[in-house]
Amino acid sequence: LNSTREMVAVIRGGEVRLVNLSTREEFLLKGEESSVRSLEFSNDGQSLIGVDLKGFVWIWDVSDSLEQEPFRFDSYQDRLKTASISPDGQIIATLDFNGGNTQCTMRGKLESSFIENPDVVDIAFTQNEELIVVEKGGILKNYQVDRLNTLLAKSCQWLESYENQHPKILNI
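Presented here is a report on the structure given in the accompanying data block. Numbering of residues starts from 1 in every chain and runs along the sequence as written. Under the rules for a predicted model, residues below a pLDDT of 70 receive no local features and side-chain atom pairs below 80 are neither given nor counted, while totals for whole chains, interfaces and linings still include all residues. To get the side-chain values, all heavy atoms of the structure are used, and hydrogens and water are removed first.

### Considerations on the nonpolar core
Link 1 in the chain: To form a nonpolar core, buried Ala, Val, Leu, Ile, Met, Phe, Trp, Tyr and Cys residues must be joined to one another through side-chain atoms within 4.5 Å. Burial classes: relative accessible area under 20% of the type maximum marks a residue as buried, over 50% as exposed, and values in between as partly exposed (1.4 Å probe, protein chains only). Val16, Leu18, Leu29, Phe41, Leu48, Trp60 and Val62 are the most contacted members of the largest nonpolar core, which has 13 residues in total.
Link 2 in the chain: Each helix is a run of H or I in the DSSP string that is no shorter than four residues. Each strand is a run of E no shorter than two, and both are numbered from the N terminus. Elements with a minimum of two residues in this core: β1 (7-12), β2 (15-20), β4 (36-41) and β6 (56-61).
Link 3 in the chain: In terms of residues, this core owes the most to one element, β6, which gives three residues.
Link 4 in the chain: Residues count as neighbours in contact if any of their non-hydrogen atoms are within 4.5 Å of one another. Aside from chain neighbours lying at most four places away, what touches tryptophan 60 is Val16, Leu29, Lys30, Leu39, Gln46, Ser47, Leu48, Ile49, Gly50 and Pro70.

This is the structure we're talking about:
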């Protein structure tokens, strides 16, 4: 269901369709048939993301023409189970059937990934950009998702601090 509650996305017969809830009109979206598993609208309702069993993330722009080809990128994972899009619409988190998780930009650039955990069954973003991971038995864990630039800055700060505390170790 999109943010305006006017459209719903469904997978029917292996095809991704949008249904206008007031008119019941259906629109077939272009893209891969039969392997798309999960669909989610962005918060602004402008984009629809889907993931497939081949490891691809599909992004449809549903704000304008529904006739255009979707953008597709490789998620660096196999057999995707589900995905979630961040509230700001900039990051897509994916989950595979082995519990592997990655975060990519909307253009497919890898931002981060978590170690595979077979107990993870679902993922979702909170409104403050934290990633909620749901494990078997209903256990919830929150993770702050740092973007690549933030992680690089933290790494440089850590190395600088380490070098100041251990000058003989790094002195080559």
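Let's pick the thread back up.
### Structural notes on the layout of surface pockets
Link 1 in the chain: Cavities and pockets were defined on a 1 Å grid built from protein atoms only: a cavity is a group of points that admits a 1.4 Å probe but offers it no way out, a pocket is an open group of points flanked by protein on both sides within 12 Å along at least five of seven lines, and a lining residue is one with an atom within 4 Å of any such point. Grid points are joined across faces, edges and corners, and a volume is the space filled by probe spheres set on the points. Here the largest pocket is characterised by a volume of approximately 150 Å³.
Link 2 in the chain: Around the largest pocket, the lining comprises 13 residues; the ones closest to its centre are Asn2, Met7, Gly45, Val62 and Ser63.
Link 3 in the chain: Lys, Arg, Asp and Glu make up the charged group, whereas Ala, Val, Leu, Ile, Met, Phe, Trp, Tyr, Cys and Pro make up the nonpolar group; the residues left over, Gly among them, are polar. The class makeup of the residues in the lining of the largest pocket is five nonpolar, six polar and two charged.

### Section: the environment of leucine 48
Link 1 in the chain: Relative to the helices and strands, leucine 48 is located in strand β5 (residues 47-52).
Link 2 in the chain: Separated by 34 residues in sequence, leucine 48 and glycine 14 place their C-alpha atoms 16 Å apart.
Link 3 in the chain: Contact partners of leucine 48, with chain neighbours within four places excluded, come to Ala9, Val16, Leu18, Leu29, Leu39, Glu40, Phe41, Trp58, Ile59, Trp60 and Val62.

### Some words on the sheet that holds β2
Link 1 in the chain: With antiparallel pairing, the three strands of this open sheet are ordered in space as β1-β2-β3. With one partner strand each, in any of the chains shown, β1 and β3 (26-28) form the two edges of the open sheet. Taking each pair of neighbouring strands and ignoring which way they run, the sheet shows an average axis angle of 30°. Strands were regarded as paired on the criterion that DSSP finds at least two bridges between them. Under this scheme, a helix contributes an axis fitted over its contacting stretch, all axes are lines through C-alpha atoms, and angles between N-to-C directions fall in the 0 to 180 degree range.

### Examining the environment of lysine 168
Link 1 in the chain: Mapped onto the secondary structure, lysine 168 falls in helix α2 (residues 167-170).
Link 2 in the chain: Taking the C-alpha atoms as reference points, lysine 168 and isoleucine 85, 83 residues apart in sequence, are found 46 Å from one another.

### A look at the packing of aromatic side chains
Link 1 in the chain: Whether two aromatic rings pair depends on their centres lying within 6.5 Å, for rings of Phe, Tyr and Trp, where Trp uses its six-membered ring; planes under 30 degrees apart make the pair stacked, over 60 edge-to-face, and the rest tilted. Taken as a whole and judged by the stated rule, the model has three aromatic pairs.
Link 2 in the chain: Relative to tryptophan 60, the ring of tryptophan 58 has its centre 6.1 Å away and its plane inclined at 15°; by these criteria the two rings are stacked. The exposure classification of tryptophan 58 matches that of tryptophan 60, with both residues buried.
Link 3 in the chain: Each ring, one from tryptophan 158 and one from tyrosine 162, has its centre 5.5 Å from the other, and the planes form 20°; the classification is stacked. Of the two residues, tryptophan 158 and tyrosine 162 both sit in helix α1 (residues 148-165), four residues apart, roughly one turn of that helix.
Link 4 in the chain: Note on tryptophan 158: relative accessible area 55%, which makes it exposed.

### Some points on the pairing of strand β11 (residues 110-114)
Link 1 in the chain: Two strands pair when backbone bridges link them, and strand β10 (residues 101-105) and β11 are joined in this way by four bridges, in the antiparallel orientation. By the bridge assignment, threonine 102 is partnered in β11 with serine 113.
Link 2 in the chain: Once β10 ends, the chain turns through four residues before running back antiparallel as β11, passing glycine 108 with a positive phi of about 95°.

### Points about the environment of serine 75
Link 1 in the chain: Its place among the elements puts serine 75 in the loop between β7 (71-74) and β8 (80-85).
Link 2 in the chain: Separated by 19 residues in sequence, serine 75 and phenylalanine 56 have C-alpha atoms that sit 5.6 Å apart.
Link 3 in the chain: Those residues in contact with serine 75, other than ones at most four positions away along the chain, are Gly55, Val57, Leu80, Thr94 and Thr102.
Link 4 in the chain: For this analysis, a polar contact is any N or O atom pair within 3.5 Å, provided that within protein one partner can donate a hydrogen and the other can accept it, and provided that sequence-adjacent residues contribute only side-chain to side-chain pairs. A polar contact is formed between the side chain of serine 75 and the backbone nitrogen of glutamine 77, at a distance of 3.3 Å.

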